[in-house]
Amino acid sequence: MALKNANDDDFDEKVVKTSKEKPVLVDFWAEWCMPCQQLKPTIEEIGKERDDIDVVKVNIDVAEEKPQEYGVRSVPNVNLFVDGEVIDSFVGNRTKEDINEWIDERI
Amino acid sequence: MYDLVVVGAGPAGYTAALYAKRYDLDVVVVGEEFGGLCSEAYIVENWPGSKEIEGRELTERMKEQIEDIGVEVKQKKIKRIDRGDTFVLEAEDEKFEAHSVLLALGADKRRLNIEGEKELVGKGVSYCVTCDGPLYRNKRVAVIGGADSGLKAATLLAKYAEKVYVFEATDEMKAEKIMIERCKQNDKIELNTGTVPKRFVGDEYLEKIVFEDGKEVEVEGAFVEIGSVPNRSIERIGEEEVERDEDGFIKVEDDMSTNIEGVFSAGDVTTGSNKMRQVVTAAAEGAIAAFSVYKYVGDKKF
């Protein structure tokens, strides 16, 4: 199980650095966003079930710099980090199967 | 084995489940998005009994109400429905067997289908103002569409944004008079009619909108609020096609039955209620459908 939360201070450590060893799936989310609430359990399950990636949740009201830095203009906003870089992203709610497939196609 | 599987977890599906459960039917609700489109509504002011309520809260309450009486609501996508002696509905990791099916599939936000739109989704182009509005604090944004949902979006955006342009394609705003007045009184909101967007422009993020008449407006966000289209995630039951009208709405009779025996439909996806597509009409159709299912299941003596 590799489910974590990150903020502006530990984002580089938990996401950028870690992604040089294994892919990291980052979910930028907000309390006030309904699709974010719906995606949350799915993202958490993926984090608990997969050992080959890390899953990191970032609350954009707590972390303000990183969402800006990565140009988050819609939430939920899911980014896949490999080797320190975002290789792809999607916005909005999706099913677990779709997300797992999306990840597998990219790593 | 269920008496009824409700496909769709919006106001129509929830209300159908509420009534079905009270008729003592075994019912389950399976939907992709809890609350459906209504859950994204900034504010609902025409649901009787609530002066104003967030769409999200309204649908959460509906969900709680049916869960309280023992209806399970599952977040899953039904991929296929087959029919033998009973209906078999397949989700990715679960199968549901039922005597009847209610298609309460709801609606999806309509796309403009113009250049740059697809590429800039999530990078300035948005279909959910309650999700993304707060990300545009002190920015300039546009709302495409001058009907109720567009003007509601504009009033919400005006709380955050520096400037909100509303662009309506026809010659007059289509929203309720009360909404138009509210926007006119808001200094941040500028209403434009006869403006048809041609393309969204931006390298990495949205930078401007170009209109058919050549006009250009620089904005960082564009919220597309031009209505909805019926969801088409389920087209057939086994090999049999669910009949729809030319605009894609599932054809229903007054009792919410479809062309397929045992398959009913309710809410924004149907031709019912003069296609008014309100929370109140979705709920009404759900109730009617539940009663029809009750009669159907009883008559068949399953």
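Quick note: structure is the one above.
Residues numbered from 1 in each chain as written. Chains lettered and ligands numbered in written order. Predicted model: local features only at pLDDT ≥ 70, side-chain atom pairs only at ≥ 80, totals over all residues. Heavy atoms only, no water.

**Considering the overall build of chain B**
Scanning chain B from N- to C-terminus turns up six helices and 19 strands. Computed over C-alpha atoms, the radius of gyration of chain B comes to 21 Å, within 12% of the 19 Å expected from 2.2 N^0.38 for 302 residues, which places it in the range of a compact globule. In terms of overall dimensions, chain B has a C-alpha envelope of 65 × 40 × 35 Å along the principal axes. Burial status across chain B gives 54% buried among its 302 residues. Accessible area of chain B: about 14,100 Å², with a carbon and sulfur share of 42%. The averaged location of the 60 negative side-chain charges in chain B is 2 Å from the averaged location of its 42 positive side-chain charges. (Helix = DSSP H or I, 4+ residues; strand = E, 2+ residues; numbered from the N terminus. Rg over C-alpha atoms; globule rule 2.2 N^0.38 Å. Buried < 20%, exposed > 50% of the residue type's maximum accessible area, 1.4 Å probe, protein only. Areas by Shrake-Rupley, 256 points an atom, 1.4 Å probe, with all protein chains shown as cover. Lys, Arg positive; Asp, Glu negative; His and termini not counted. Charge placed at Lys NZ, Arg CZ, Asp CG, Glu CD.)

**So, the state of the cysteines**
Residue and element names in this part refer to chain B. Applying the stated criterion across every chain yields a total of two disulfides over all chains. Shown here is the disulfide that connects Cys128 with Cys131, its sulfur atoms set 2.1 Å apart. Of note, the bridge from Cys128 to Cys131 carries an S-S torsion of about 65 degrees and is right-handed in sense. A single burial state applies to Cys128 and to Cys131, both of which are buried. (Disulfide = S-S within 2.5 Å.)

**A closer look at the pairing of strand β3 (residues 72–75) of chain B**
Residue and element names in this part refer to chain B. As judged from the four bridges shared by strand β2 (residues 27–31) and β3, these two strands associate in the parallel manner. Directly across from Val29, in β3, lies its bridge partner Val73. Read from β2 through helix α2 (residues 55–68) to β3, the crossover connection turns out right-handed. (Pairing = 2+ DSSP bridges. Right-handed = clockwise from strand over helix to strand, strands pointing away.)

**Brief notes about the pattern of salt bridges**
All names here are of chain B. Summed over the entire model, instances satisfying the criterion amount to 35 salt bridges over all chains. Across the salt bridge formed by Lys109 and Glu40, the nearest N and O atoms sit 3.8 Å from each other. With a gap of 69 residues between them, Lys109 in strand β7 (residues 107–109) and Glu40 in the loop between β2 and α2 connect regions that are remote in the sequence. Taking the relative accessible area as the measure of exposure, Lys109 reaches 17% and is therefore buried. Residue Glu40 is classed as buried on the basis of its relative accessible area, which comes to 13%. In the salt-bridge network here, residues are joined through shared partners; they are Glu72, Lys74, Lys76, Asp93 and Glu94. (Salt bridge = Lys/Arg side-chain N within 4 Å of Asp/Glu carboxyl O.)

**Focus on the interface of chain A and chain B**
Taken together, the contact between chain A and chain B spans 22 residues of the former and 26 residues of the latter. Together, Trp32, Met34 and Arg73 of chain A form the three largest contributors to the area buried by chain A at its contact with chain B, with a combined 40%. Run the count over chain A and chain B and you get two salt bridges. Salt-bridge contacts for Arg73 of chain A lead to Glu220 of chain B; the nearest nitrogen and oxygen are separated by 3.8 Å. Connecting chain A to chain B are 11 residue pairs in polar contact (both at pLDDT 80 or more). Those elements that place two or more of their residues in the side of chain A that touches chain B are α2 (34–49) and α4 (96–104) of chain A. Ranked by residue count, the leading element in the side of chain A that touches chain B is α2 of chain A, at six residues. Taken together, the residues of the side of chain A that touches chain B sort by class into 10 nonpolar, seven polar and five charged. (Contact = heavy atoms within 4.5 Å. Buried area = accessible area lost by both parts, 1.4 Å probe. Polar contact = N/O pair within 3.5 Å; in protein donor to acceptor, adjacent residues only side chain to side chain. Nonpolar A, V, L, I, M, F, W, Y, C, P; charged D, E, K, R; others polar.)

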